[in-house]
Amino acid sequence: MTTLISSPELAGLLDRLFAQASAADEETQLAVADFSDEQQARLMRSKTDYRALYGRLNNVPLAVSRETGALLYMLARGARARNIVEFGTSFGISTLHLAAALRDNGGGRLITSEFEPSKVARARDNLAAGGVDDLVEIREGDALKTLRTDLPDTIDLVLLDGAKALYPDILDLVERRLKPGAFVIADNADHSPDYLARVRSPASGYLSVPFGEDVELSMRLG
């Protein structure tokens, strides 16, 4: 069973969402046009000021690429994932791919966190339209709080795609629950040098490699 491509509702929805994300490129650029490259880089790497950047992007889908979406589905299916944690829901494009994998794995639980209320509402609508909302729990608010409690005892896969400076902190919250062989996928990881240094260290307990454009793929070794 391959819900990702065999469900006309989900496949059509993803086509529309990817088209919307592509069409929003100009809007995304205009939203931060008054920030210099240096200011944008500083905000991306700040643990306190990132809201000034992301607050301007609350109406645009900060989506994974179509290729990364397919990768997420493949990794979750290959790992026979039943418990998934996602940091950064946005409009739910990555969430749809992961939830489709859970459906095809026979069920499970996907916990995802998003601090923009307008994006939470749109993600809920998209998950319902895709027929996978029964598998997903969206936690609205600061992920450092929403992902601190009530997580599964074991986690099979983690997607990091929120504020980049928080990647190490989110990993701290879930790390002890990662089962051996669990995957951690970090999108736009180049904006989080501390995270990359951590997962690439030989002593970190991870095997980690760059995968595709700006994606870091890591596997928990023990």
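Keep in mind the model is a prediction, meaning the values are calculated, not measured. (Residues numbered from 1 in each chain as written. Predicted model: local features only at pLDDT ≥ 70, side-chain atom pairs only at ≥ 80, totals over all residues. Heavy atoms only, no water.)

1. A short note on the overall build of the protein
The helix and strand tally for the protein stands at eleven helices and seven strands. For 222 residues, the compact-globule formula gives about 17 Å, and the C-alpha radius of gyration of the protein, at 16 Å, lands near that figure. Dimensions along the principal axes, computed over C-alpha positions, put the protein at roughly 45 × 45 × 30 Å. The contacts in the protein between residues at least 6 apart in sequence include a share of 72% that link residues at least 24 apart. Put simply, the protein shows about 10,100 Å² of open surface, and 51% of that area lies on carbon and sulfur atoms. One finds the centroid of the 25 positive side-chain charges in the protein at a distance of 6 Å from the centroid of its 33 negative side-chain charges. (Helix = DSSP H or I, 4+ residues; strand = E, 2+ residues; numbered from the N terminus. Rg over C-alpha atoms; globule rule 2.2 N^0.38 Å. Contact = heavy atoms within 4.5 Å. Areas by Shrake-Rupley, 256 points an atom, 1.4 Å probe, with all protein chains shown as cover. Lys, Arg positive; Asp, Glu negative; His and termini not counted. Charge placed at Lys NZ, Arg CZ, Asp CG, Glu CD.)

2. Some remarks on the packing of helix 2 (residues 8-23) against helix 8 (residues 117-129)
Close contact between helix 2 and helix 8 brings their axes to 9 Å; oriented N to C, the two are set at 145 degrees. For the pair helix 2 and helix 8, the contacting residues are Glu-9, Leu-13, Leu-17 and Gln-20 in the first and Arg-122, Asn-126 and Ala-129 in the second. By residue class, the composition of the contact of helix 2 with helix 8 is three nonpolar, two polar and two charged. (Axes fitted to C-alpha atoms, helices over the stretch in contact; angles between N-to-C directions. Nonpolar A, V, L, I, M, F, W, Y, C, P; charged D, E, K, R; others polar.)

3. Comments concerning the packing of aromatic side chains
Within the structure shown, the criterion is met by two aromatic pairs. Arranged with centres 6.3 Å apart and planes meeting at 80 degrees, the rings of Phe-87 and Tyr-167 form a pair that is edge-to-face. Of this pair, Phe-87 sits in strand 1 (residues 83-87) while Tyr-167 sits in helix 10 (residues 167-174), placing them 80 residues apart in sequence. Assessed through its relative accessible area of 7%, Phe-87 is described here as buried. Between the aromatic rings of Tyr-167 and Tyr-195, the centroid separation amounts to 5.7 Å while the plane-to-plane angle is 80 degrees, which identifies the pairing as edge-to-face. (Phe/Tyr/Trp six-rings, centres within 6.5 Å; stacked < 30°, edge-to-face > 60°. Buried < 20%, exposed > 50% of the residue type's maximum accessible area, 1.4 Å probe, protein only.)

4. Regarding the pairing of strand 4 (residues 155-160)
For strand 4, the buried fraction is high: six of the six residues fall into the buried class. As paired strands, strand 1 and strand 4 are joined by four bridges and run parallel to one another. Its bridge partner being in strand 4, Glu-86 is matched across the sheet by Leu-159. Examined bridge by bridge, strand 4 and strand 5 (residues 178-187) share five bridges and lie parallel to one another. Bridge pairing in strand 5 links Leu-160 to Ala-186. (Pairing = 2+ DSSP bridges.)

5. Quick notes on the sheet that holds strand 4
Overall, mixed pairing links the seven strands, which are arranged 3-2-1-4-5-7-6 in an open sheet. This sheet does not close on itself; its edge strands, each paired only once, are strand 3 (136-140) and strand 6 (206-210). Within the sheet, the average angular offset between the axes of one strand and its neighbour, ignoring direction, is 15 degrees. Against the sheet, helix 8 contacts strand 2 (109-114) and strand 3, and its axis sits at roughly 170 degrees relative to strand 3. Strands in contact with helix 10 are strand 1, strand 4, strand 5 and strand 6; relative to strand 5, the strand with the most contacts, it is inclined by about 160 degrees.

6. Overview of the pattern of salt bridges
The full count for this structure, using the stated rule, is 14 salt bridges. The salt bridge partner of Arg-109 is Glu-137, with a shortest N-O separation of 3.1 Å. Of this pair, Arg-109 sits in strand 2 while Glu-137 sits in strand 3, and the two are 28 residues apart along the sequence. When its relative accessible area of 26% is taken as the criterion, Arg-109 is described as partly exposed. Residue class for Glu-137 comes out partly exposed when judged on its relative accessible area of 28%. Overlapping salt bridges bring together Arg-109, Glu-137, Arg-139 and Asp-150 as one network. (Salt bridge = Lys/Arg side-chain N within 4 Å of Asp/Glu carboxyl O.)

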